[in-house]
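The lines below spell out each chain.
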Amino acid sequence: MLDHLQAVGFSKAPRSLGIDQQGREVVSYLPGVVPVYPRHAWNHRSERALDATARLIREYHDAAQTFALPENARWRGIVGAPAGSEVICHNDLGPFNMVFGRGQPVGIIDWDNAAPGLRIWDVACALWRFTPLWGRDAWWGGDWTGNGWTLPPAGKAKRMELFAESYGVE
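Note that the structure is predicted; figures quoted are calculated from it, not measured.

Draft legend 1. Summary view of the layout of surface pockets. Taken as a whole, the largest pocket encloses approximately 560 Å³ of empty space. Lining the largest pocket are 17 residues, with Met1, Glu25, Trp75, Trp111 and Ala114 sitting closest to its centre. Looking at the lining of the largest pocket, the elements that each hand over two or more residues are helix 1 (2–7) and strand 2 (25–27).

Written out as structure tokens, the structure reads:
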């Protein structure tokens, strides 16, 4: 999948560098910052960053859409993801899997859960984490920012609308 992304000009994912002597995949390094809460929280909270994140995810989905599924491919996927083969979903889109530079997303990392699926699933996962839609009772403890970043429903709705418009959800 990473080779395909490189071949179609999507440069915002690591490149596959092969398999090492211990059977592990080796990938290139993407320079930038992955948000570490609360120190780098600003990297993904602004509306400007949210807009760019949605556009980056759309760019990725468009590049992934032309990937020819190998017959013998085994996918790890993620529990609960709906079946489908519209696109290869990342399945774990969140600030912790985005590299930022100057407050803008510059790359997507951590492709372990990528698998065939539906674009809207990846969009929904990203909205859940970038809006944010979770509550304090989320499986990771809710307020994993460490500094109480929560929004009222109107603020969440505004961010969802911006994301959907930027991605191009119809």
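Draft legend 2. Local environment of helix 5 (residues 153–167). In this model, helix 5 (15 residues) spans 21 Å end to end at C-alpha, consistent with the 21 Å of a helix rising 1.5 Å per residue. Two residues or fewer after helix 5 comes Gly168, characterised by a positive phi angle close to 100 degrees.

Draft legend 3. Fine view of the packing of aromatic side chains. Within this structure, the stated rule accounts for three aromatic pairs. Ring plane angle 85 degrees and centroid distance 6.4 Å describe the contact between Phe67 and Trp75, whose orientation is recorded as edge-to-face. According to the relative accessible area criterion, Trp75 is partly exposed, its value standing at 32%. Across from the ring centre of Tyr167, 5.1 Å away, lies the NZ or CZ of Arg58, which sits over that ring.

Draft legend 4. Broad picture of the state of the cysteines. All chains considered together, the criterion is met by zero disulfides. Looking at Cys89, it has no disulfide partner, and the nearest cysteine sulfur is the one in Cys125, 8.0 Å off. Taking relative accessible area as the criterion, Cys89 reaches 1% and is therefore assigned buried. With relative accessibility at 12%, the residue Cys125 sits in the buried group.

Draft legend 5. Looking closely at the packing of helix 3 (residues 47–64) against helix 4 (residues 119–130). For the pair helix 3 and helix 4, the least separation of the axes is 11 Å and the interaxial angle reads 160 degrees. The pairing of helix 3 with helix 4 is recorded here as roughly antiparallel in orientation. As for how helix 3 packs across helix 4, the hand of that crossing is right-handed. Each of Leu50, Thr53, Ile57, Arg58, Tyr60, His61 and Asp62 in helix 3 lies in contact with helix 4, whose residues at this interface are Arg119, Asp122, Val123, Ala126 and Phe130. Grouping the amino acids of the contact of helix 3 with helix 4 by side-chain chemistry returns six nonpolar, two polar and four charged.

Draft legend 6. Up close: helix 4. When the terminal C-alpha atoms of helix 4 are compared, their 16 Å separation across twelve residues agrees well with the 16 Å that a helix rising 1.5 Å per residue should span. Those residues of helix 4 not exposed but buried are Arg119, Asp122, Val123, Cys125, Ala126, Leu127, Arg129 and Phe130.

Definitions and cut-offs
- Residues numbered from 1 in each chain as written.
- Predicted model: local features only at pLDDT ≥ 70, side-chain atom pairs only at ≥ 80, totals over all residues.
- Heavy atoms only, no water.
- 1 Å grid on protein atoms, 1.4 Å probe; cavity = no way out; pocket = protein on both sides within 12 Å on 5 of 7 lines; lining within 4 Å.
- Points joined across faces, edges and corners; volume = space filled by probe spheres on them.
- Helix = DSSP H or I, 4+ residues; strand = E, 2+ residues; numbered from the N terminus.
- Expected span 1.5 Å × (residues − 1).
- Phe/Tyr/Trp six-rings, centres within 6.5 Å; stacked < 30°, edge-to-face > 60°.
- Buried < 20%, exposed > 50% of the residue type's maximum accessible area, 1.4 Å probe, protein only.
- Lys NZ or Arg CZ within 6 Å of the ring centre and 35° of its normal.
- Disulfide = S-S within 2.5 Å.
- Axes fitted to C-alpha atoms, helices over the stretch in contact; angles between N-to-C directions.
- Parallel < 35°, antiparallel > 145°, perpendicular 65-115°, else oblique.
- Left-handed = near helix turned anticlockwise from the far one by under 90°.
- Contact = heavy atoms within 4.5 Å.
- Nonpolar A, V, L, I, M, F, W, Y, C, P; charged D, E, K, R; others polar.

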